[in-house]
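Listed here are the chains, written in short residue letters.
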Amino acid sequence: MIQVKAPQVSYGKEIAELVRVFYPEEQVGEMLPLNEEVSEAIVLETGYDMETADTCRFYAYLYRGGSSDCSSKPKRLAHQESRRSYPNYDEGLNRFIKDGIKGCVFDLLAGYTGRHPRRGAQTGVRPVKLVQELLDKGKDDAEIRILLRDIYKMQDSKIELLLETAKNQRHLIDEPINNKVSVYIHIPFCSTRCFYCSFPSDLIHRAADKMDEYLSCLERELASVMGELKKQGTEVDTLYIGGGTPTVLSRGHLEELLKLADRQILSRYNILEYTIEAGRPDSLDNEKLKLMRDYGVSRISINPQSMNQETLDLVGRGHTVEQVLDIYHKAREIGFFCINMDVILGLPEETADHMERTMEALAGLKPDNITVHTLAVKRASVFRESFKQYDPSRKGLAEEMALVCRKWIDKLGMKPYYLYRQKYMLDHLENVGYSVPGKECLYNIQFMEERRDIWAFGAGAASKLYFPDEDRIERIGNVKNLDSYLYRIDEMIERKLKALKKGGN
Ligand SMILES: C[S@@+](CC[C@H](N)C(=O)[O-])C[C@H]1O[C@@H](n2cnc3c(N)ncnc32)[C@H](O)[C@@H]1O
Ligand code: SF4
């Protein structure tokens with residue numbers, strides 16, 4: 001157990017996240033600033049003093065607390081200090097202090113453990129957004145490189161990936177104020193549960209008899225918000241139906257879903273991009289593909305995760321490599337504009353050679369987008385208990401696999417265009433969306449950059465409303481449980497309408 005003691009609770013959360021990067025196996029807790037009860041735990045204590053009006057000293061101590069009966073004394077393990085000048089920092093005092101403390105903690109833990117994670121002290125979900133903010137402030141590449149290296153302690157390979165991604169997406173990012181929004185529809189159902197999956201979803205066979213009601217609630221939610229948005233003169237330009245696995249719906253229900261999206265959205269707005277995350281190939285057939293194309297879907301995902309059959313069997317994926325190939329070719333014949341394929345780095349028993357085979361097979365198919373996820377293993381998940389994925393001997397393997405992916409991505413002429421992090425990812429890596437230039441998924445960028453409203457519908461869907469004057473996001477989450485969603489649909493609608501009146505646009 002490692003206890004983090006920070007001068008403010010909000011810093012404590014981020015510092016704890018940074019400690020987990022060095023100690024993925026340990027439980028990391030956050031202590032209240034004045035709590036002195038540290039009995040026998042390892043404690044990371046951090047803080048700062050303004051030494052002069054413009055110079056700040058940051059410090060971090062690592063020590064083992066003494067026992068409460070005084071039979072063992074506290075023992076200092078490591079100590080770090082650094083100084084920084086405030087006037088050279090244009091991000092505001094709060095950020096200056098937080099970044100200063102995190103940098104100091106990073107140096108302390110890197111020195112103590114001998115490990116130097118490439119991402120440095122940066123722990124946020126959206127590191128590209130940080131680079132976009134620096135570009136907005138007029139910083140050039142050289143200045144951004146220096147900042148990321150000095151303040152966030154990032155290594156060059158990460159800095160270049162972030163800069164490259166930021167530049168590839170920059171021409172597709174919204175101006176902070178416009179009247180365009182995105183719509184997301186959530187279909188949280190799957191045929192079976194993949195062992196590694198970190199997304200909540202219900203098994204379709206258990207929910208099948210509620211599907212008519214689910215679709216009718218979705219339509220009610222959409223009708224009330226879409227109508228109001230139209231009245232306010234707001235435009236919708238991207239629509240994303242995700243899950244779960246939306247195409248696991250029966251043909252009849254899938255057609256119902258497509259029809260209601262058509263009635264509520266496509267008939268009202270000029271949609272530039274319409275994605276359905278089809279996902280598992282075993283949820284698709286010719287008829288479903290044709291239906292989607294006929295209702296205007298422009299982008300789909302067909303996700304192998306791995307092109308090694310043993311791995312698919314091991315993680316309970318429930319489909320074959322041949323099914324991936326077969327459905328991909330059918331989708332191409334039917335004429336989809338854009339096909340994405342997801343793969344995961346670090347699946348159990350896989351090595352760089354497996355990734356080589358997966359990427360070689362994908363290169364033969366030439367999809368328009370490849371999204372490279374890094375396995376995220378939540379503490380205590382079934383998967384974690386079964387496969388001991390954090391076995392220290394596997395450290396660095398996901399990173400090796402990422403290099404194999406990048407080699408094939410370059411051969412395919414694809415470029416990184418969006419990137420995000422999740423908790424508990426192997427080797428402190430990230431998820432990266434790559435695209436053939438011109439085929440980037442706008443919705444993915446809009447969702448990550450948080451410069452517009454995303455209206456989200458269905459059980460567990462979370463809308464994000466952007467307030468440009470304050471440059472902040474407010475979330476309105478629908479309840480996750482299917483029955484609660486069906487039962488409380490009026491409340492879900494009411495909450496959205498209230499937010500619309502308050503000025504979400
Ligand atoms: C919300 S899932 C839906 C996709 C679809 N149901 C499928 O399985 O093909 C989106 C993607 O997240 C990734 N994913 C899910 N669980 C993950 C985990 N624990 N670690 C890393 N990536 C994960 C997979 O690549 C998956 O394709
Ligand atoms: S099909 Fe997709 S969403 Fe469903 S359990 Fe598997 S990875 Fe998760």
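Calculation rules
Residues numbered from 1 in each chain as written. Chains lettered and ligands numbered in written order. Predicted model: local features only at pLDDT ≥ 70, side-chain atom pairs only at ≥ 80, totals over all residues. Helix = DSSP H or I, 4+ residues; strand = E, 2+ residues; numbered from the N terminus. Rg over C-alpha atoms; globule rule 2.2 N^0.38 Å. Buried ≥ 20, exposed ≤ 12 C-beta atoms within 10 Å, placed from the backbone. Near = placed C-beta within 6 Å. Nonpolar A, V, L, I, M, F, W, Y, C, P; charged D, E, K, R; others polar. Domains from an automatic or database assignment. Core = buried A, V, L, I, M, F, W, Y, C linked by C-beta atoms within 7 Å. Contact = placed C-beta atoms within 7 Å. Arc of directions from axis to C-beta. Axes fitted to C-alpha atoms, helices over the stretch in contact; angles between N-to-C directions. Parallel < 35°, antiparallel > 145°, perpendicular 65-115°, else oblique. Left-handed = near helix turned anticlockwise from the far one by under 90°. Expected span 1.5 Å × (residues − 1). Pairing = 2+ DSSP bridges. Right-handed = clockwise from strand over helix to strand, strands pointing away.

**What to know about the overall build of the chain**
- Regarding its fold elements, the chain presents 17 helices and 18 strands.
- Taken against the 2.2 N^0.38 rule, which gives 23 Å for 505 residues, the C-alpha radius of gyration of the chain at 24 Å falls within 12% of a compact globule.
- Considering only C-alpha atoms, the chain reaches an extent of 70 × 55 × 50 Å along its principal axes.
- Going through the 505 residues of the chain one by one, you find that 43% of them count as buried.

**Thoughts on the site of ligand 2**
- Surveying the vicinity of ligand 2 reveals the residues Cys190, Arg193, Cys194, Cys197, Phe199, Ser201, Gly243, Gly244, Thr245, Gly279 and Arg280.
- Looking at side-chain class alone, the shell around ligand 2 contains four nonpolar, five polar and two charged residues.

**Here we look at the environment of glutamate 175**
- By the secondary structure assignment, glutamate 175 is in the loop between α5 (156-170) and β6 (180-187).
- C-alpha separation for the pair glutamate 175 and asparagine 340, spaced 165 residues apart in sequence, amounts to 26 Å.

**Concerning the domain arrangement of the chain**
- For the chain, the assigned domains read domain 1 (1-116) and domain 2 (180-491).
- The centre of domain 1, based on its C-alpha atoms, is set 37 Å off from the matching centre of domain 2.

**Looking at the site of ligand 1**
- Every one of the 17 residues lining ligand 1 counts as a neighbour, but Ser198, Gly279, Asn303, Asp342 and His373 are closest to it.
- Among the elements of the structure, β10 (273-279) and β12 (338-345) are those that each provide at least two residues to the shell around ligand 1.
- Among the residues making up the shell around ligand 1, the classes are represented as six nonpolar, eight polar and three charged.

**Focus on unusual backbone geometry**
- The amide bond that connects glycine 243 to the next residue, glycine 244, takes the cis arrangement and shows omega of 20°.
- In this structure, glycine 244 sits in the loop between β9 (235-243) and α8 (251-266).
- For glutamine 305, which is not glycine, the phi torsion reads 70° and is therefore positive.
- Its location among the elements puts glutamine 305 in the loop between β11 (299-302) and α10 (309-314).
- For tyrosine 424, which is not glycine, the phi dihedral falls at a positive 65°.
- Along the chain, tyrosine 424 turns up in the loop between β14 (415-420) and β15 (431-435).
- By C-beta crowding, tyrosine 424 is classed as partly exposed, having 17 other C-beta atoms within 10 Å.

**Observations concerning the nonpolar core**
- If you look at the biggest cluster of nonpolar residues, it comprises 126 residues, and the most contacted ones within it are Val105, Ile300, Ile302, Leu345, Leu375 and Cys405.
- Residue-level mapping places this core at the junction of two domains, with at least three residues from each of domain 1 (1-116) and domain 2 (180-491).
- In contact with cysteine 405, not counting residues within four places along its chain, are Leu345, Met355, Met359 and Val372.

**Digging into helix α3 (residues 127-136)**
- Considered for burial, the residues of α3 that qualify are Pro127, Val128, Val131, Gln132 and Leu134. Along the axis of α3, the buried residues cluster in a sector spanning 160°; they form a single face.
- Those residues of α3 that are buried lie in contact with α4 (141-150), α5, β14 and α15 (442-449).
- Backbone geometry just downstream of α3 places glycine 138 in the positive-phi region, at approximately 85°.

**Quick notes on the packing of helix α7 (residues 211-231) against α8**
- At a closest axis distance of 10 Å, the pairing of α7 and α8 adopts a crossing angle of 10°. With respect to their mutual orientation, α7 and α8 come out roughly parallel. For the pair α7 and α8, the contacting residues are Met211, Leu215, Leu218, Glu219, Leu222, Ala223 and Met226 in the first and His253, Glu256, Leu257, Leu260, Gln264 and Ile265 in the second.
- The class makeup of the residues in the contact of α7 with α8 is nine nonpolar, two polar and two charged.

**Some thoughts on the packing of helix α9 (residues 286-294) against helix α11 (residues 321-334)**
- Packing of α9 against α11 brings their axes to within 10 Å, and their N-to-C directions diverge by 35°. The element α9 and its partner α11 pack so that their crossing is right-handed. Facing α9, whose interface residues are Asn286, Leu289, Lys290 and Arg293, α11 presents Lys330, Ala331 and Ile334.
- For the contact of α9 with α11, the class distribution of residues is three nonpolar, one polar and three charged.

**Focus: helix α12 (residues 352-365)**
- Compared with an ideal rise of 1.5 Å per residue, which puts 14 residues at 20 Å, α12 spans 20 Å between its outermost C-alpha atoms and is within 8% of the ideal.
- Considering only its buried residues, α12 is in contact with β12, β13 (369-374) and α14 (397-411).
- A positive phi of about 55° marks lysine 366, the residue just after α12.

**Let's talk about the pairing of β9**
- Burial within β9 is extensive, with seven of its nine residues counted as buried.
- Pairing of β6 with β9 involves eight bridges; the strand directions are parallel. Bridge assignment links valine 181 to a residue of β9, and that residue is valine 236.
- Direction of pairing for β9 relative to β10: parallel, over a ladder of four bridges. Its bridge partner lying in β10, leucine 239 is registered against tyrosine 274.
- For the handedness criterion, the β-α-β arrangement of β9, α8 and β10 is classed as right-handed.

**What to know about the environment of isoleucine 42**
- Among the structural elements, isoleucine 42 can be located in strand β3 (residues 42-50).
- The exposure class assigned to isoleucine 42 is partly exposed, which follows from the 18 C-beta atoms found within 10 Å.
- In this structure the C-alpha to C-alpha distance between isoleucine 42 and valine 4, which are 38 residues apart in sequence, comes to 8.7 Å.
- Contact partners of isoleucine 42, with chain neighbours within four places excluded, come to Met1, Ile2, Leu62 and Arg64.

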